[in-house]
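Structural overview
Residues per chain, in single letters:
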Amino acid sequence: PVSWMARNNYGLVLMNRGLYEEASKNFRLAVLLKPSGMLARMNLARAYECMGMTDGAMARLNDALKQDPSNVRVRYEIGRIQFAQNRLADARTCFEQVLRKDPSFGRALVSLGLIAEKEGRMEEALDHMAKALDVSENDPEVFYAAGEFMYRRDNMEKALKCYLRTAELDPFFPDIHNDIVI
């Protein structure tokens, strides 16, 4: 018998190849094999999102949140999708809830910074980015997002430092080597 982890991992391989529908089938099987597992549920939501099925992704995440209301990663993912949908107030609420439970969740801090940037509150955005970098010394996603933010603010020196740290943490981070050539 195939384990839930094998199905989940195979789904990740398929996701990396852009085969989202096949990946979603494997994630669904992983969920059936381990109904209490959050990882496969979150990956299934990501596959749905990649296929343009945002409502399906949100339904999977909300189901996961009902099963484990204290799971900050699930709540963060809900906020991330809401941000992508430009539902900034809803996204802010999610990210603030994440930070109440885990003040060192750097991606939530970055996301609040991006919301503040979209709303024209640059001082607040800078503050969130600085806090995110302070608490997330080993998260390439945080450094990359901060680098992109600094680049948009024409702060090339800080952007380059963030990009270099991203590459140091994950040499295969998508497009990082293109960004370092700024």
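Bringing the pattern of salt bridges into the picture now. Evaluation of the coordinates by the stated rule reveals 16 salt bridges. For Glu124, the salt bridge is made with Arg121, and the minimal N-O distance between the two is 2.6 Å. Under the relative-accessibility criterion, Glu124 is labelled partly exposed at 31%. Among the ionic contacts, a cluster of salt bridges with common partners joins Arg46, Glu49, Glu77 and Arg80.

Take helix H4 (residues 54–67) next. Side chains that are three or four residues apart share a direction in an α-helix, a result of its 3.6 residues per turn. Along its 14 residues, H4 runs 20 Å from first to last C-alpha, staying within 8% of the 20 Å computed at 1.5 Å per residue. The complete set of buried residues in H4 reads Gly56, Ala57, Met58, Leu61, Ala64 and Leu65. Buried residues along H4 sit in contact with helix H3 (38–50) and helix H5 (72–84).

This part is about H5. Counted at 1.5 Å a residue, the expected span for H5 with its 13 residues is 18 Å, and the 18 Å between its end C-alpha atoms agrees. Of all 13 residues in H5, 11 are buried, a share of seventy percent or more. Among the structural elements, H3, H4, helix H6 (88–101) and helix H7 (106–118) are those in contact with the buried residues of H5. Two to three positions downstream of the cap, the backbone nitrogen of Arg73 sits 3.0 Å from a side-chain oxygen, assigning the N-cap of H5 to Asn71. Asn86, located one to two residues past H5, shows a positive phi value of around 65°.

Here we take up the packing of aromatic side chains. Centre-to-centre distance and the angle between the planes together describe a pair of aromatic rings. Enumeration over the complete set of coordinates arrives at 4 aromatic pairs. Seen from their ring centres, Tyr144 and Tyr163 are 5.7 Å apart, and the 45° between their planes marks the pair as tilted. Here Tyr144 is found in helix H9 (residues 140–152), whereas its partner Tyr163 is found in helix H10 (residues 156–169), with 19 residues between them in sequence. Both rings, one in Tyr144 and one in Phe173, keep their centres 4.9 Å apart while their planes meet at 40°; by these two values the pair is tilted. Of this pair, Tyr144 sits in helix H9 while Phe173 is found in the loop between H10 and helix H11 (176–179), placing the two residues 29 residues apart along the sequence. Classification of Tyr144 as buried rests on a relative accessible area of 17%. Look at Phe173 and you get buried, because its relative accessible area is 9%.

It is worth spelling out the side chain of Glu77 at this point. Mapped onto the secondary structure, Glu77 falls in helix H5. Residues contacting Glu77, with those up to four places away along its chain left out, are Met42, Arg46 and Leu61.

Attention now goes to the confidence of the model for the chain. Mean pLDDT over the chain stands at 94; residues scoring 70 or higher make up 97%. Considering each helix and strand of the chain separately, the mean pLDDT is smallest for H11, with a value of 72, and largest for H6, with 98.

Moving on, we come to unusual backbone geometry. You will see that Asn86, though not glycine, has its phi angle at about 65°, which is positive. Although it is not a glycine, Asp154 sits at a positive phi angle of roughly 60°. With respect to the secondary-structure elements, Asp154 resides in the loop between H9 and H10. With a relative accessible area of 63%, Asp154 lands in the exposed category.

Criteria and cut-off values
- Residues numbered from 1 in each chain as written.
- Predicted model: local features only at pLDDT ≥ 70, side-chain atom pairs only at ≥ 80, totals over all residues.
- Heavy atoms only, no water.
- Salt bridge = Lys/Arg side-chain N within 4 Å of Asp/Glu carboxyl O.
- Buried < 20%, exposed > 50% of the residue type's maximum accessible area, 1.4 Å probe, protein only.
- Helix = DSSP H or I, 4+ residues; strand = E, 2+ residues; numbered from the N terminus.
- Expected span 1.5 Å × (residues − 1).
- Contact = heavy atoms within 4.5 Å.
- Polar contact = N/O pair within 3.5 Å; in protein donor to acceptor, adjacent residues only side chain to side chain.
- Phe/Tyr/Trp six-rings, centres within 6.5 Å; stacked < 30°, edge-to-face > 60°.
- pLDDT = per-residue confidence, 0-100.

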